Amino acid sequence: MLKTDYRDNVLTAYIDGEIDHDAAARLRTTIDGAAQSLKPRLLCLDFGSVRFMDSSGVGLVMGRYRQMKLIGGRLRVVNVPDSIYRIFAMSGLESLGVLR
Amino acid sequence: MKIINEMKLSFPSKSCNEAFARAAVTAFVMNLDPTVEELSDLKTAVSEAVTNCIVHGYRHGSGTIFITAKITEANKVTVKIRDKGCGIENVNQAMQPLFTTAPEEERAGLGFAVMQSFCDSVKVSSKPQKGTTVTLEKYIAV
């Protein structure tokens, strides 16, 4: 469901499968745990292997955005499939400038 | 209106059942030969409604979630998602995009907005302390 990679001050979380309220809670714990201990300059959430997402994914991204601000880092969200981009577009998340 | 097919489900309000509920509803409509997008829309809307039952309806404990789905003429799919939880005091306010009563759980307040965007019709009826029923309607192109 989640693989992480840390190099050059960048923590990348490769999210796999379905993001709903149930999965988001587990993803949040794992990603925050890694970010708290590594204190990366950039947290990169890679959505390339996400097959399904409901609005829980928006909460996941917004929450990580706030977490990274708290530790003085930035967030980037990459490889968002078209099918789930619609939900990000509805959320106003685009205005945060984290989506690539 | 003539009912072509129908089904009923009930399951406990455990978050691990969110995936089961949306998969069951999408499996039910498969013989209408929906497009990938139609299926994804319905799956997402059901996921939002079931999550609302768990996060909001039964926020003070656990309970049972009831789903009925039917297919009627013109490939119309109607899905009712019902809980017997705490209900919604102000349905209009709850349906406003970005309104949430659970920010600490990182809820974005987009559940109803997503349902409305991905379905042809969304109706909500709710009574405080009695529960909430969300009725989703979606036409699958013939």
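Remember, predicted model here, so these are calculated numbers, not experimental data.

The next subject is the overall build of chain A. Looking only at helices and strands, chain A has 3 helices and 4 strands in total. Each helix and strand of chain A, ordered N terminal to C terminal, gives the series β-β-α-β-α-β-α. In terms of overall dimensions, chain A has C-alpha extents of about 30 × 30 × 20 Å along its principal axes. Taken across its 100 residues, chain A has 40% of its residues classed as buried.

This brings us to the sheet that holds strand β4 (residues 121–127) of chain B. Residues and elements named next belong to chain B. Pairing in this open sheet of 5 strands is antiparallel, and the strands run β1-β2-β3-β5-β4 from one edge to the other. For this open sheet the edge positions go to β1 (3–12) and β4, each flanked by a neighbour on one side alone. This sheet shows a mean twist of 10 degrees between the axes of neighbouring strands, independent of strand direction. Alignment of β1 against strand β2 (residues 64–72), held across 9 bridges, turns out to be antiparallel. By the bridge assignment, M7 is partnered in β2 with A69. Sheet strands touched by helix α2 (residues 36–57): β2, β3 (76–83) and β5 (131–139). Its angle to β3, the strand with the most contacts, is close to 10 degrees.

A few words now on the interface of chain A and chain B. Listed per partner, the contact involves 18 residues of chain A and 20 residues of chain B. A class-by-class count of the residues in the side of chain A that touches chain B yields 6 nonpolar, 7 polar and 5 charged.

As a further point, take the sheet that holds strand β3 (residues 42–53) of chain A. All names here are of chain A. Spatial strand order, β1-β2-β3-β4: 4 strands in an open sheet with mixed pairing. The open sheet terminates on both sides in strands that have one partner only, identified here as β1 (2–7) and β4 (74–78). The average angle at which neighbouring strand axes cross in this sheet is 20 degrees, direction not considered. Where strand β2 (residues 10–19) lies against β3, 9 bridges are found, and the strand directions are parallel. Bridging from a neighbouring strand, L11 pairs with L43 of β3. Its contacts with the sheet put helix α1 (residues 21–38) on β1, β2 and β3, and the angle it makes with β2 is roughly 175 degrees.

On to the pairing of β1 of chain A. Residues and elements named next belong to chain A. Burial runs low along β1: only 0 of the 6 residues are buried. Two strands pair when backbone bridges link them, and β1 and β2 are joined in this way by 6 bridges, in the antiparallel orientation. Bridged to K3 within β2 is Y14. The antiparallel hairpin formed by β1 and β2 contains 2 residues in its connecting segment, where D8 sits at a positive phi of about 50 degrees.

All names here are of chain A. Relative to the helices and strands, L43 is located in strand β3. Residue L43 is classed as buried on the basis of its 26 C-beta neighbours within 10 Å. Distance in space between the C-alpha atoms of L43 and D5 is 10 Å, their sequence separation being 38 residues. Discounting residues that sit within four places of it in the chain, L43 has contacts with L11, A35, R64, M68, G73 and L75.

A few words now on the confidence of the model for chain B. Averaged over every residue, the pLDDT of chain B is 95; residues scoring 70 or more account for 100%. The ipTM value of the predicted complex is 0.93, and its pTM value is 0.95.

This part is about unusual backbone geometry. Residue and element names in this part refer to chain B. Phi angles above zero are rare outside glycine, and L98 is one such case at about 75 degrees. By the secondary structure assignment, L98 is in the loop between α3 (91–94) and α4 (111–118). Take L98: there are 12 C-beta atoms within 10 Å of it, and that puts it in the exposed class. For E106, which is not glycine, the phi dihedral falls at a positive 60 degrees. When you line up the elements, E106 lands in the loop between α3 and α4.

Definitions and cut-offs
Residues numbered from 1 in each chain as written. Chains lettered and ligands numbered in written order. Predicted model: local features only at pLDDT ≥ 70, side-chain atom pairs only at ≥ 80, totals over all residues. Helix = DSSP H or I, 4+ residues; strand = E, 2+ residues; numbered from the N terminus. Buried ≥ 20, exposed ≤ 12 C-beta atoms within 10 Å, placed from the backbone. Pairing = 2+ DSSP bridges. Axes fitted to C-alpha atoms, helices over the stretch in contact; angles between N-to-C directions. Contact = placed C-beta atoms within 7 Å. Nonpolar A, V, L, I, M, F, W, Y, C, P; charged D, E, K, R; others polar. pLDDT = per-residue confidence, 0-100.

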